[in-house]
Amino acid sequence: MLLKEKTSVILVRLAIGTFAGTAMLAQFAHAQDANLAAQPVAEVKAADDSNPAVQKVYVTGSNVRRISVETASPVQIITRDELTRGGATSLNEVLRTISANVGGIDENRTNGFSAGAAGLNLRGFGSQATLMLINGRRLAPYAQPEFQTTFVDLNSIPVGAVERVEILKDGASAIYGSEAMAGVVNIILRDSFEGLELGGSLGESSRSDGKQKRATVSYGKGSLVEDHFNAYVTLDVRQRDPMYMYNRDGYLGTQDLRAYGYKDQRSLYTYPGNIYWTDKATNVLTSRTLDKNCPADRLVPASSVLGATSVGQACVFDDYKDSSINSAGKTDRFGITSRLTWQPTANTTLFSELMFNRNKATVTGLLHWVAGQNGQIVPALPITHPQYPQELIGPDGKTLAGGNGTVRVRASLRDFPGQGQNNTTDFGRYLVGAKGDFKNWDWETALLRTDSKVSSRNTSAILATPFIDAYTNGTFIFGGGAANQALYNSITASPKNGFKSGLTQIDGKLSGELFNLPAGAVGLAVGAEFRRETLSTNPDPLAVEGELYHQAQLPPGFSNSRRISSVYAESTVPVLPSVEAQLAVRYDHYSDYGNSTTPKVGVKWNATSSFVVRGTYAEGFRAPTLVENSTDVRNAFLTFRDPARCNASFILGCSGSSAYQSGANPALQPETAKSYTLGVAWEPSPSFMATLDFFQIKRVDEIGTYELSKVLADPDRYANDPAAVITRAALTAADRAAGATAGEITNIRMLLTNVAVSKIRGADLKLTGRLNMGEYGVLTPTLNVSYTQSYKNAPSPTSDLIEYAGTRGTPSVQANLGLAWKKAAYALSADTVFVGKMASVADRTTECVMATEGYPQLCTGIPSFTVVNLGGSYSGFKNTKLSFAIQNAFDRKPPFHPNDGANYYAPLHSAMGRYFQLTADYSFK
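The shown structure was predicted, so the numbers you read here are calculated from the model rather than taken from an experiment. (Residues numbered from 1 in each chain as written. Predicted model: local features only at pLDDT ≥ 70, side-chain atom pairs only at ≥ 80, totals over all residues. Heavy atoms only, no water.)

Participant: What is the right way to look at the state of the cysteines in this model?
Facilitator: One covalent bond between the sulfur atoms of two cysteine residues makes up a disulfide. Scanning all chains against the criterion turns up two disulfides. Through a disulfide, Cys 294 is tied to Cys 315; the S-S separation comes to 2.1 Å. Measuring the twist about the S-S bond at about 85 degrees, one finds the Cys 294-Cys 315 disulfide to be right-handed. Residue Cys 294 is located in the loop between strand S11 (285-289) and strand S12 (299-301), and its partner Cys 315 is located in strand S13 (residues 311-315); the two are separated by 21 residues in the primary sequence. On the basis of relative accessibility, which here comes to 6%, the residue Cys 315 falls in the buried class. A sulfur-sulfur separation of 2.1 Å characterises the disulfide bridge that pairs Cys 848 with Cys 859. When the S-S torsion is -75 degrees, as for the bridge of Cys 848 with Cys 859, the disulfide is left-handed. Residue Cys 848 is located in the loop between strand S40 (826-835) and helix H12 (849-852), and its partner Cys 859 is located in the loop between H12 and strand S41 (865-874); the two are separated by eleven residues in the primary sequence. Cys 848 sits in the buried class, given a relative accessible area of 10%. You can call Cys 859 partly exposed: its relative accessible area is 22%. (Disulfide = S-S within 2.5 Å. Helix = DSSP H or I, 4+ residues; strand = E, 2+ residues; numbered from the N terminus. Buried < 20%, exposed > 50% of the residue type's maximum accessible area, 1.4 Å probe, protein only.)

See below:
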């Protein structure tokens, strides 16, 4: 681990050295080097207002057109070349690795609801606090909620249609409204295109899985300058086969972790199965396998899996080696993006945009399993079952097993197809609008419709009632193989859950110069938006009835909607020739909860021609999502400690269990936030630029659930709170006599409520260079570093803030180092993604679980993880470009860390390994 930390230090030193050299050599740069501050937006020229060549543009984070792209707020730009040079074929592959993103929704998870979908999580504030836009306008959220979380699916946007991505790392609710608390991601599509482009790529992992085929076609006609119109369409098709954990090396592909300093985590859930019981004569737990064909490397003493005093043998099962758990699922995507632009007059432009994307995703997880014992949905093995141990049946036909008189079963149903999820997502976006200018004012209006539709099918689901009947009457045989096929055919189903979300919006804005001050013109933008949001769920009746074997019962479907009206104003005020102030305010009216007014103030000071000081103060809010304030309440079962029944004389009450309900709450109010940034931008030459921005965000009224232990410890405080309802049975005379002071809990209902507080602060560093080496080409290095100095959260308003910075899931340092070289027809690139070291615990107030299990050596932290993606291209053939990419070129494995069933930290690290890709592009000119 020390070596890995030193490697990261060396990486940063090399980066700083590279940029220092770039700055020192800048004086030798050729005159054609572009000003880096202007590179994010094409052909923006720094000139006085009288120059007719000056082009004013909108910059993400402002509604006022401007010449300078450097505003008071920090904005990161990812160009089209940067998106694709490392082999990425989706926005998710690129944006999940930016330094300001902390995890987010992963498309490859096998234990979630939203297979194939992906979402960002800027600053670690949750996907709900990151606003996603296309060309400055909203998108419909992914229709299938991830429990109570909604987000915009990155995979709904074909990467082939994207011109660039602008990431605002600042609160912007005053500009864009709800959700823009942690930042804004604005995806900019191509404005126009002429000609015909064809592209195709093939890819495969070094483990011979994950084969990928991709094709893209773009066709456009018309010149806006000469013909006054342009129309283009882009088709993007991608197919990728799954990647499996059993193909990954070492600890990634096994649950037997003894060789890596941890325990053997292979389980009793094997094929055909294990049975165990308590011997009545010796009172010893005894185990044996259901057949005698267990491989020698899977046969272990019962004491290793059931307890030190148990006897017999067990056949263990390795979920990673023996089943089809994905490291990445199968996906099939088709996307079409089109834009039509027409200029009927010199001052008026009409435009329309169409986007449709279909994403089919399949993930496979664990095999079906059986946990047969009293108290479970599948009871203990019936004495009449053909596989019941005959030696345990006495002369009177009754069991001789001791304890509770039962034989328990643990088994995987390998002769049944494994569990899986097959999601088909249709995303549409349709827009018509007009824009123009009158004197020194610009105007724009548009009508937008965007929607998401998800059809989620559980593959190979088992109906609970007929399966349990077959188990209890002995017609289901563990390990029966082909003999179980007829039964399987009669008890399986493919239940389908449907989800729809939609957004309809009409908007208009006006931007221009209000009047002149001695220091310059005062810019003003005013606008209004009216939109309607909808969300509906339609779960399969079998899921609502709880008829799907060992799958959680779903609540009935719901339909929710609301109307939002918004007005906003923004002004840029030149206080002094070198000082510009940004003032913004927005008023939003929501039909379901009320009103929100959010201001923002920014200041930019050009201390010198090459040095800028900037800062912002912004307030923000996040309206409860349509699932959070719906009727969607989920059912589960929970084990807990009940202080009202746990005391010195009644220790039986120290471990309780109860039905548990958790979910939506129509009474929710918005989350609110206050954010601050303070930074500098330094451009000593046209070939080097550095920015450093400090930030702090505090969010209050955060939506979550109360901490159950606090509710149980202080019931009077929560007695009249509908978000925390504890139902108890009457105290029985027997329990009272034994020392209990309250009846047994029969139900717990914990709804979402405005309860938590979060506070985060840190810094972002960006270095951008461009070195023209003459006959040796042009070198372009970039470095983005995000440092989280503190991330504190309180689970309730009265609780102490707990520090999470540097813990598992919240790395203190994340960085991206890019180095691109180009000379004539040749181009090479290397992009390094760095995730810093994290503690072994997710909460510093808790003890490392592995230490309590006897493995303290695994509690020294999760080492840093560095991945290098290489790319290159040659465009020397006529109209042709050939490219290669190697993702994770050095085949780095994620650091070993047993966590939530995986052997690495999956939310931030990848188990894909090395991946190769070849691409060919051809342009007809």
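Participant: Even after reading the chapter, I still don't get empty space enclosed by the protein, so can you show me in this structure?
Facilitator: Any empty space left between atoms is shown by rolling a water-sized probe over those atoms. Scanning all chains against the criterion turns up eight cavities of 30 Å³ or more. Taken as a whole, the largest cavity holds about 390 Å³ of empty space. Breaking the lining of the largest cavity down by element, the ones donating at least two residues are strand S2 (130-134), strand S23 (496-517) and strand S24 (520-538). Classifying every residue of the lining of the largest cavity gives twelve nonpolar, ten polar and five charged. (1 Å grid on protein atoms, 1.4 Å probe; cavity = no way out; pocket = protein on both sides within 12 Å on 5 of 7 lines; lining within 4 Å. Points joined across faces, edges and corners; volume = space filled by probe spheres on them. Nonpolar A, V, L, I, M, F, W, Y, C, P; charged D, E, K, R; others polar.)

Participant: Looking at this model, I keep getting lost on the pattern of salt bridges. Mind explaining?
Facilitator: Where side chains of opposite charge bring their charged atoms close, a pairing between them can arise. Counted by the stated rule, this structure contains 43 salt bridges. Notably, a salt bridge pairs Glu 391 with Arg 288, separated by 2.6 Å at the nearest N-O pair. Remark: Arg 288 occurs in strand S11 and Glu 391 occurs in the loop between strand S17 (369-372) and strand S18 (408-412); sequence separation between them is 103 residues. You can call Arg 288 partly exposed: its relative accessible area is 32%. Residues Arg 531 and Glu 533 are paired through a salt bridge, measuring 3.0 Å at the closest nitrogen-oxygen approach. A relative accessible area of 4% places Arg 531 in the buried class. Here the salt bridges share partners, and the residues they tie into one network are Glu 529, Arg 531, Glu 533, Arg 562, Arg 586, Asp 588 and Asp 592. (Salt bridge = Lys/Arg side-chain N within 4 Å of Asp/Glu carboxyl O.)

Participant: Looking at this structure, how should I read the confidence of the model for the protein?
Facilitator: Caution is warranted with low-pLDDT regions, since their predicted coordinates should not be read in detail. When pLDDT is averaged across the protein, the result is 87; 92% of the residues are at 70 or more. Predicted confidence for residues 20-54 stays below pLDDT 50, and this span has 60 contacts to residues more than four positions away or in other chains. (pLDDT = per-residue confidence, 0-100. Contact = heavy atoms within 4.5 Å.)

Participant: How should the nonpolar core be read in this particular structure?
Facilitator: Side chains of nonpolar character tend, in soluble globular proteins, to be buried together. Of all hydrophobic cores here, the largest spans 40 residues; its most connected members are Leu 91, Leu 95, Val 165, Val 185 and Ile 187. Within the residue set of this core, elements represented by two or more residues are helix H3 (91-95), S2, strand S4 (162-168), strand S5 (183-189) and strand S32 (688-704). Of all hydrophobic cores here, the second largest spans 26 residues; its members include Ala 401, Val 407, Ala 464 and Ile 468. (Core = buried A, V, L, I, M, F, W, Y, C linked by side-chain atoms within 4.5 Å.)

Participant: I would appreciate a short explanation of a positive patch on the surface in the present structure.
Facilitator: Together, Lys 453, Arg 457, Lys 496 and Lys 500 line one region of the surface with positive charge. Of all the elements in the fold, those that place two or more residues in the positive patch are strand S20 (441-459) and S23. Along the polypeptide, Lys 500 turns up in strand S23. Residue Lys 500 is classed as partly exposed on the basis of its relative accessible area of 47%. (Patch = residues over 30% accessible without salt bridge, like charges linked within 9 Å, V, L, I, M, F, W, Y side chains within 5 Å. Areas by Shrake-Rupley, 256 points an atom, 1.4 Å probe, with all protein chains shown as cover. Lys, Arg positive; Asp, Glu negative; His and termini not counted. Charge placed at Lys NZ, Arg CZ, Asp CG, Glu CD.)

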